[in-house]
Amino acid sequence: MFIAVIAVGNDHGNRHRHFSPGRETVTVDSPEKAYDVWRRKGVKGRTLVLFDRYPHMHGRFNYQGEPRLERSNLVEYSIFQNVIRKLYFIVPDENWKDFLQQPTTKVIKPIAGLERGVSLYDLNGLPMIGTTPSSLPHLPEQVLVYINGDVFDAKQAQDLLTRKGISSDITVIYQGNRQ
């Protein structure tokens, strides 16, 4: 019975994930355009590796009515739209101690097996894991990648994923003010 439950759960989870054929790297000039890329590709139920500033330290946004895609809520909006089901938030190794000192309304719990890894909380019911490049584990499934080029060097982020054996079908690089 246990094996049947695992098999059905695994099939159900995989069936609701949509991947993009091939690999693509897209540069955008505003964060919310990443969602447009994912929507056009039809991706669903995915893990996101987020190289950016930590946007959710104080909990979720309070919306009046339906959530709207805005510059500041790409991740949450993508969760509401079932694009993202799990999130790895990458913190530069040199900023890890400062990151852990930031005030938060949620309990931060260490993750066994990750030297620098914490469960930040479930963002709208989905796991959100904070970790550093040196502690990022190998992720066996293809992931979505979002790199804020104003915070992380895109080439270094992509090299990290290659070293860790992590593949992505869609990598979005937000350049902001940098060209």
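Residues numbered from 1 in each chain as written. Predicted model: local features only at pLDDT ≥ 70, side-chain atom pairs only at ≥ 80, totals over all residues. Heavy atoms only, no water.

Student: Which parts of the structure should I look at to understand the overall build of the chain?
Tutor: Broken down by element type, the chain carries five helices and eight strands. Overall, the chain shows an N-to-C arrangement of helices and strands of α-β-α-β-α-β-α-β-β-β-β-α-β. Considering the chain as a whole, with its 179 residues, one finds that 43% of them fall into the buried category. In the chain, of all internal contacts separated by at least 6 residues, the share reaching a separation of at least 24 is 76%. Only carbon and sulfur atoms are counted for the fraction: they give 50% of the accessible area of the chain, which is about 10000 Å². (Helix = DSSP H or I, 4+ residues; strand = E, 2+ residues; numbered from the N terminus. Buried < 20%, exposed > 50% of the residue type's maximum accessible area, 1.4 Å probe, protein only. Contact = heavy atoms within 4.5 Å. Areas by Shrake-Rupley, 256 points an atom, 1.4 Å probe, with all protein chains shown as cover.)

Student: Quick question: what am I supposed to make of the pairing of strand β6 (residues 126-131) here?
Tutor: Regular strands show a simple pattern: their side chains alternate between the two faces of the sheet. Within β6, five of the six residues are buried, leaving the element largely enclosed by the surrounding structure. Of the strand pairs in this sheet, strand β3 (residues 84-90) and β6 are connected by four bridges, and their pairing is parallel. Bridge assignment links Y88 to a residue of β6, and that residue is I129. (Pairing = 2+ DSSP bridges.)

Student: How should I be thinking about helix α2 (residues 32-41) in this particular structure?
Tutor: What sets the pattern is the α-helix's 3.6 residues per turn: residues three or four places apart point alike. Of the positions making up α2, those classed as buried are A34, Y35, V37 and W38. For α2, the arc enclosing every buried residue in end-on projection is 160 degrees, short of the 170-degree limit, so these residues lie on one face. Immediately downstream of α2, the backbone of G42 shows phi near 75 degrees, a positive value. (Arc of directions from axis to C-beta.)

Student: Teacher, can you tell me more about the packing of aromatic side chains here?
Tutor: Two numbers describe a pair of aromatic rings. These are the distance of the centres and the angle of the planes. For the coordinates displayed, the defined rule picks out four aromatic pairs. With a centroid separation of 5.0 Å and 80 degrees between ring planes, the pair formed by Y35 and Y77 is classed as edge-to-face. Here Y35 is found in helix α2, whereas its partner Y77 is found in helix α3 (residues 74-80), with 42 residues between them in sequence. The pair formed by Y35 and Y77 is uniform in burial state, with each residue classed as buried. (Phe/Tyr/Trp six-rings, centres within 6.5 Å; stacked < 30°, edge-to-face > 60°.)

Student: Would you take a moment to explain unusual backbone geometry for this structure?
Tutor: Trans peptide bonds make up most of the peptide bonds, and negative phi angles are found at most residues other than glycine. Phi at N82 is positive, roughly 60 degrees, even though this residue is not glycine. Inspection of the secondary structure assignment puts N82 in the loop between α3 and β3. Residue classification places N82 among the partly exposed residues on the basis of a relative accessible area of 40%.

Student: Before we go on, may I ask you to explain the side chain of T131 in this structure?
Tutor: Mapped onto the fold, T131 is located in strand β6. The exposure class assigned to T131 is buried, which follows from its relative accessible area of 0%. Beyond its immediate chain neighbours, meaning those up to four positions away, T131 contacts Y88, F89, I90, V91, W96, L114, R116, G117 and L136.

Student: Can you help me understand the pattern of salt bridges in this one?
Tutor: Note on pairing: side chains with opposite charge can pair once their charged atoms come close. Per the stated rule, a full pass over the model turns up eight salt bridges. Two residues, E141 and R85, come together in a salt bridge whose shortest N-O distance is 2.6 Å. Taken as a pair, E141 in the loop between β6 and β7 (143-148) and R85 in strand β3 lie far apart in primary sequence, 56 residues in all. In this structure, the salt-bridge partner of D93 is R116, at a minimum N-O distance of 3.1 Å. Note that D93 is positioned in the loop between β3 and α4 (96-101) and R116 in the loop between β4 (109-110) and β5 (117-123), a separation of 23 residues in sequence. When its relative accessible area of 24% is taken as the criterion, D93 is described as partly exposed. (Salt bridge = Lys/Arg side-chain N within 4 Å of Asp/Glu carboxyl O.)

Student: Got a minute to help me understand the layout of surface pockets in this structure?
Tutor: Here the second largest pocket is characterised by a volume of approximately 160 Å³. Taken together, F51, P92, D93, E94, P133, F152, D153, Q156, A157, D159, L160 and R163 form the lining of the second largest pocket. Here the lining of the second largest pocket gets five residues from one element, more than from any other, and that element is helix α5 (residues 154-163). Its residues placed into classes, the lining of the second largest pocket shows six nonpolar, one polar and five charged. (1 Å grid on protein atoms, 1.4 Å probe; cavity = no way out; pocket = protein on both sides within 12 Å on 5 of 7 lines; lining within 4 Å. Points joined across faces, edges and corners; volume = space filled by probe spheres on them. Nonpolar A, V, L, I, M, F, W, Y, C, P; charged D, E, K, R; others polar.)

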